Structures are given as structure tokens and as C-alpha cells.
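Chains, contacts and geometry: an overview
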Amino acid sequence: MSVDKGLDRRRFLRGAAGVAAAAALGPMGARVARAEPERPPNLVIILTDDLGYGDVGCYGAEDLATPRLDTMAEEGMRFTDYYCGAPVCTPARAAMLTGCYARRIGLNMVLYADHEESLNPDELTLADVAKQRGYATAIAGKWHLGRIHPPRHGFDEWLHTPREAPITETLVDESIDFIRRHRDDPFFVYLATPDPHANALKAWPPFKGQSERGTEYGDVVEQLDHHVGRLLDALDEMGVGDNTLVVFTSDHGPWLDRLPDAGSAGPLRGGKYTAFEGGHRVPCIMRWPDRIPAGKTCSEIATALDFLPTFAGLCDVPLPRDRVIDGHDILPLMENRRGAETPTEAYFYTEAANPTHLRGVRSGRWKLLGWPEAQTATEDWYPVALYDLENDLGEDTNVAGDNPEAADRLRDILEEHRAEIQRNYRPPAMVSR
Ligand SMILES: [Ca+2]
């Protein structure tokens, strides 16, 4: 059977099933069937590595030019209070793909070659959701979730780049090629570039030496911006841009001590590894012309954990009922619905130096950093404090003394969550070498 005939047959079966269901349900059922979208959106997630809150023009960077990302935000939505789930690679990526805090699924550490832990194939990933709805799925680039590789987590293809090649450029080329091959079906592309991680920085002409920041890091961010633009252009040229949800974000905050090639957290305190805002709060831009209104800014809390429930909702794929999923469906925020508020009552912070313990919680304007059980470092890195993020974005002033009720309430939320995760812990897969 040719590819085209296969597509036609799938479309025919989908259509026939819809007609049969409508006929069986009568007039009310027919209305429901018609209201169901013909085709769910394509999904493209561009995940950068260690890009900070202060490293994109539309987030306030003045020493780097990111015109394509700024335009993407003008065409879509910019999230000011988006949290990545964890301040280092593995747990952040695990959280984004599964909608669960990495502590819950046993991946709250950075995986190295000698680790046996791997993302458990029993976990539901974004790619698994996509496959249930008949998507073509691909990951381009970095996995970092253990020895059980993407093909066992719902990805049809894993697109690699040779180390000597221009990494982001090649990954974007491969992603565009994948999309071109699958433009007639729904597709999900998870483009996980290793840029602008300080260990892999390489700017190529014409970007080399161009950024006003004057560092390889700055040049690589401008290069990244250009290639994100190429991907958006390709989607539009193929006629699939309007119904493609493109997410641009970072796995976590910037690696501040990698001078001179450190990123910037802008006005936020701290960076990678820390439970401060700079570690967890990163740029997030979404573009989806069919559903996301242009030029909006969302200041409600949104998180990487929300992608899976939101995408499952868009795909009409039910979430499993036998387990806790931490994220929430944020489509009302994305559509800028009147009065829409964050469904995240509490966002929980971990820090890399204290991997087994919760470190803090944000609820509304308040953020509590509390009680690390193994306090070994200085008060500067491990304060116990209540911050008012509405008036003190830089986490400068401990206001616990003036707001004891808020401090108590957040401490209770933190302790409750700590106990709940212990009750509902799910182990990772273990694979020895
Ligand atoms: Ca990273």
C-alpha cells in the first residue's frame, strides 16, 4: 500500500467513525460530533538548554538581538511567570515530557553515564499522547533521560546531529524535513537543542562575533533566534503554520558562574541549580494563530508540567486515572479567555544541591523558601524566607515576620506536598550497563 493510500484510508476510517457515532447519538450527538475539531493542532516544542530569563529581547535583554523571537511573541503569547519544573537538565526534561514533578517519578538528579535510572516507559509522555491520536512524532537533539531511549517513549524518529556540524541549524533542517514528510498528518516535533549550554557553544558565520553582549554565548543566542525563525517560516510556507502550536522555552535558568559565557536571569535572583526565580522561571513564548490571540502577555503562573494535560485535552486523549499528574490544562490562559486564572495553586521548587528535598513553594504572590533538611551551605544560598514576588521580584527581602499567616499557609502546602509525593511515588526504570 502506498503512503498516500494509507493516509486516505486513515482519514476515511476517522470520518466514518464520526458519522457512525453521530448517527447513534441522534441530533444532540450530532452537534457534539460537529463541535469536535477536524484535526488537532500540530505541536512543535523548541527547548533550549540553559537559556536565561534575561537572554531574549522581549524579556528585556538589551545586549542581544532576538528579532525572530520578539516577532513570535507579537504573533502569539509571552508568559512572564512560566516555570520549568526543575533547575537542572534531567528533572526539567522529565517534568516537561510527563507533566509530573521529577521527584514523583524518580528522576530528580542529573543523569550521567554511570546512572542506572531511566525515564520509566510506564510514564505517559507527550509523544505517547500524540501517538494515541495518530500523530507522527520526532525528537531532534538532546534526550538526557537515561538509557531507555525516545523510541520506547512514543517517538517515531530520533534526529541526531554530528558534533562537528552547526547544531541548531542542522536540528532545524532535520525538523523541517520531518515536518515536510508529515505535513498531511498531525505531527509533534520536540526540538531539544543543546544551545546555548556553555559546554557546547559554537557560533558560526555570520553570527560569530556579532552580538553586542560580546561573548560566544551572545552570538549563539542570536544564531538560535535566526534558526527558530527559519522553522517558523517553513511552517508558514508549507501552509501548516496557523494550526501549529509552537512553544519556545528553556529547560531551566542560566549557568551564571560559567563566565564569560554565562547567560542572564535579568531581574531575577539566582540561576541554574538554585530554587530562586532565576533557576526556575524562564522565557516561554507560544504561537498558534488559529487559537492564541496575537500580541498578548500572560502573567498567570504556567509551567512545563502543563504541556501534557493541555495537549491531551487538545487531542481528546484521556489522562490516566491510576496516577497523579501534576500539571493542568492551561488552554484558557493560552486563549486569553476573560477572567482566566492559573489552575496552579502551588508551584514547587527544588534545588540541585539538595536533590531529595523540596525547597520552596509559590502560591499567588507569595513564595516561601523553607527548611532544607540537610543545611550545609551558607545563609546566602539557603535562606529560609518569605518573598512577595509582586513587589520583590528579585527575592531580596524576607517578609515572613510581617506576614505570618502567608508563611504558615505556604509551609503547610509544602509539607503536605512532601508527604503526598512520598505516598504516590513512582520509581524510574533501572537499566544496568
Ligand atoms: Ca540544561
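None of the values given here were measured: they were computed from a predicted structure.

Looking at the sheet that holds strand S13 (residues 358-363)
- Pairing within the open sheet is antiparallel, and its four strands lie in the order S12-S13-S14-S15. Of all strands in the sheet, those with a lone pairing partner are strand S12 (347-350) and strand S15 (385-388), marking the two edges. Going from strand to strand, the sheet's axes swing by 20 degrees on average, the running direction of each strand aside.
- Contacts from helix H10 (residues 404-423) reach S12, S13, strand S14 (366-369) and S15 within the one sheet, and its direction differs from that of S13 by about 125 degrees.

Considering the pairing of S13
- Along S13, six of the six residues are buried, which leaves the element largely enclosed by surrounding structure.
- Bridge analysis of S12 against S13 gives four bridges, and the strand direction is antiparallel. Considered in S13, the bridge of Tyr347 is made with Arg362.
- Two strands pair when backbone bridges link them, and S13 and S14 are joined in this way by four bridges, in the antiparallel orientation. Looking at S14, one finds that Ser363 is bridged to Trp366.
- Between S13 and S14, which pair antiparallel in sequence order, lie two residues; one of them, Gly364, sits at a positive phi of approximately 60 degrees.

Re the side chain of Thr350
- Within the secondary structure, Thr350 is located in strand S12.
- Taking the relative accessible area as the measure of exposure, Thr350 reaches 6% and is therefore buried.
- Among all residues touching Thr350, those that are not within four sequence positions of it are Ala86, Pro87, Arg103, Asn108, Thr274, Ala275, His280, His357, Leu358 and Arg359.

A few points about the coordination of the calcium ion
- Here the calcium ion is held by Asp49 (OD), Asp50 (OD), Cys89 (SG), Asp251 (OD) and His252 (NE2), and the distances to it run 2.2 to 2.6 Å.
- Mapped onto the polypeptide sequence, the residues donating to the calcium ion form the spacing pattern D-D-x38-C-x161-D-H.

A word on the sheet that holds strand S10 (residues 296-298)
- Taken together, eight strands build an open sheet; the order of strands is S6-S5-S7-S1-S8-S9-S2-S10 and the sheet is mixed. Lying at the two open borders of the sheet, with one neighbouring strand each, are strand S6 (157-159) and S10. Each strand axis lies, on average, 15 degrees off the axis of its neighbour in the sheet, ignoring direction.
- Two elements, strand S1 (residues 42-48) and strand S8 (residues 244-250), share seven bridges in a ladder whose sense is parallel. Within S8, the position partnered with Val44 by the bridge is Val246.

Quick look at the environment of Thr90
- Relative to the helices and strands, Thr90 resides in helix H3 (residues 89-98).
- With relative accessibility at 0%, the residue Thr90 sits in the buried group.
- Between the C-alpha atom of Thr90 and that of Leu145, which follows or precedes it by 55 residues, the distance is 5.9 Å.

Topic: the environment of Thr170
- Tracing the backbone through its elements, the reader meets Thr170 in helix H5 (residues 167-182).
- For Thr170, a relative accessible area of 17% puts it in the buried group.
- On a C-alpha basis, the gap between Thr170 and Gly141 in space is 9.7 Å, while along the polypeptide they are 29 residues apart.
- For Thr170, the residues in contact, after removing those within four places along its chain, are Thr161 and Ala165.

Side note on helix H8 (residues 307-315)
- Judged by how many residues are buried, H8 sits mostly within the fold: eight of nine residues are covered.
- Within H8 the residues assigned to the buried category are Phe307, Leu308, Pro309, Thr310, Phe311, Ala312, Leu314 and Cys315.
- Following H8 by one or two positions, Asp316 adopts a phi angle in the positive range, close to 55 degrees.

A word on unusual backbone geometry
- Cis geometry marks the peptide bond from Asp195 to Pro196; its omega dihedral reads -5 degrees.
- Considering the arrangement of structural elements, one finds Pro196 in the loop between strand S7 (187-192) and helix H6 (216-237).
- A cis amide bond, omega 0 degrees, links Leu259 with the succeeding residue Pro260.
- Notably, Glu395 is not glycine yet its phi reads approximately 50 degrees, a positive angle.
- Assignment of secondary structure puts Glu395 in the loop between S15 and H10.
- Residue classification places Glu395 among the buried residues on the basis of a relative accessible area of 0%.

What about the pattern of salt bridges?
- If you walk through the whole model with that rule in mind, you get 30 salt bridges.
- The salt bridge involving Arg68 is made with Asp233; its shortest N-O contact spans 2.8 Å. You can see Arg68 sitting in helix H2 (residues 67-75) and its partner Asp233 sitting in helix H6, a full 165 residues away along the chain.
- Classification of Arg68 by relative accessible area gives partly exposed; the value is 27%.
- Looking at Asp233, the relative accessible area reads 30%, which means it is partly exposed.
- Close ionic contact of Arg230 with Asp173 constitutes a salt bridge, the shortest N to O distance being 2.9 Å. Remark: Asp173 occurs in helix H5 and Arg230 occurs in helix H6; sequence separation between them is 57 residues.
- Using a relative accessible area of 24% as the deciding quantity, one classes Arg230 as partly exposed.
- Under the relative-accessibility criterion, Asp173 is labelled partly exposed at 36%.
- Connected through salt bridges with shared partners, the residues Asp81, Glu277, Arg281, Arg362, Lys367 and Glu395 form a single ionic network.

A look at the nonpolar core
- Counting residues in each nonpolar core, the largest one holds 51 residues, and the members touching the most others are Phe188, Tyr190 and Met286.
- Of all the elements, H8 adds the most residues to this core, at six residues.
- By size, the runner-up hydrophobic cluster in this structure holds 41 residues, among which are Tyr53, Val172, Leu231 and Leu232.

What counts and how
- Residues numbered from 1 in each chain as written.
- Predicted model: local features only at pLDDT ≥ 70, side-chain atom pairs only at ≥ 80, totals over all residues.
- Heavy atoms only, no water.
- Pairing = 2+ DSSP bridges.
- Helix = DSSP H or I, 4+ residues; strand = E, 2+ residues; numbered from the N terminus.
- Axes fitted to C-alpha atoms, helices over the stretch in contact; angles between N-to-C directions.
- Contact = heavy atoms within 4.5 Å.
- Buried < 20%, exposed > 50% of the residue type's maximum accessible area, 1.4 Å probe, protein only.
- Donors = N, O, S within 2.8 Å, 3.2 Å for Na, K, Ca; no water.
- Salt bridge = Lys/Arg side-chain N within 4 Å of Asp/Glu carboxyl O.
- Core = buried A, V, L, I, M, F, W, Y, C linked by side-chain atoms within 4.5 Å.

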